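Spelled out, the chains give:
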Amino acid sequence: MKRFLLLFLASLFFVLVPGAAAESTEVDKTIQELQNKISELQGKENSLSKEISLKNSQISLTQLKIASTKSAIAKLTGEIDELTEQIDQLEELKTKRLELARHRAPEVYKRQNLSLVGYLMLGQNFSDVLSRIKYLARVHEVDAQLYKQLQVTQTNYNERKDAREKKKAEQE
């Protein structure tokens, strides 16, 4: 660009100066005008370079933000998938425990209606009656544990489901 301006100045100089008889003040004035024009054009060149640099920086920043967002989305997707898998496992466990509880409940009810006299009559000797009573006490303990586990499973299931819904909302 500088070469072009210098070439332009030189050709303008030869056109404006019709030989050796031209006044030097006119030439000096033309030179000054052309130097001012060169300075003005150089200033524009600097401002355009700065603007291009600014736009490039903004593009880079936007690309980094996009990459960060994609990474966050991928992480959330992985967490959602993991929570979905855990929910499926807990739902399966809950179903199994509910089925077991359904089978156990009628048996527990039947056993509760049997009195101590009934146990004495069913037993062949005192040792057998004590064994049956210990066995029933153990069955009650296991049933209580089963119901507690069922409650814990249901709570975990609900917590995981809520967490998954929050992650999905966050992802959107």
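Rules used in this analysis
Residues numbered from 1 in each chain as written. Predicted model: local features only at pLDDT ≥ 70, side-chain atom pairs only at ≥ 80, totals over all residues. Heavy atoms only, no water. Helix = DSSP H or I, 4+ residues; strand = E, 2+ residues; numbered from the N terminus. Buried < 20%, exposed > 50% of the residue type's maximum accessible area, 1.4 Å probe, protein only. Contact = heavy atoms within 4.5 Å. Areas by Shrake-Rupley, 256 points an atom, 1.4 Å probe, with all protein chains shown as cover. pLDDT = per-residue confidence, 0-100. Patch = residues over 30% accessible without salt bridge, like charges linked within 9 Å, V, L, I, M, F, W, Y side chains within 5 Å. Salt bridge = Lys/Arg side-chain N within 4 Å of Asp/Glu carboxyl O. Lys, Arg positive; Asp, Glu negative; His and termini not counted. Charge placed at Lys NZ, Arg CZ, Asp CG, Glu CD.

Counting secondary structure elements, the chain contains four helices and zero strands. Start at the N end of the chain and walk to the C end: the helices and strands fall as α-α-α-α. Here the chain, with 172 residues, has 16% of them falling under the buried criterion. A separation threshold of at least 6 residues defines the contact pool for the chain, and within that pool the share at least 24 residues apart is 78%. A total of about 13,800 Å² of accessible surface is found on the chain, and carbon and sulfur atoms cover 57% of it.

Our focus in this paragraph is the confidence of the model for the chain. Chain-level statistics for the chain give a pLDDT mean of 76 and a share of 74% at 70 or above. The spread of mean pLDDT over the elements of the chain runs between helix H3 (residues 116-122), the lowest at 58, and helix H2 (residues 24-112), the highest at 82.

Right, let's talk about a negative patch on the surface for a bit. The grouping of Asp81, Glu82, Glu85, Asp88 and Glu91 at the surface amounts to a negative patch. Considering the arrangement of structural elements, one finds Glu85 in helix H2.

Glancing now at the side chain of Lys94. As for its position among the elements, Lys94 is in helix H2. Buried charge Lys94 goes without a salt bridge, the closest partner of opposite sign being Glu91 at 6.0 Å. Filtering out sequence-adjacent residues up to four positions away, Lys94 remains in contact with Leu150, Thr153, Gln154 and Tyr157.

Within the element layout of this structure, Arg164 appears in helix H4 (residues 126-171). On the basis of relative accessibility, which here comes to 14%, the residue Arg164 falls in the buried class. Arg164 has contacts with Ile80, Leu83, Thr84 and Ile87, leaving out every residue within four places of it along the chain.

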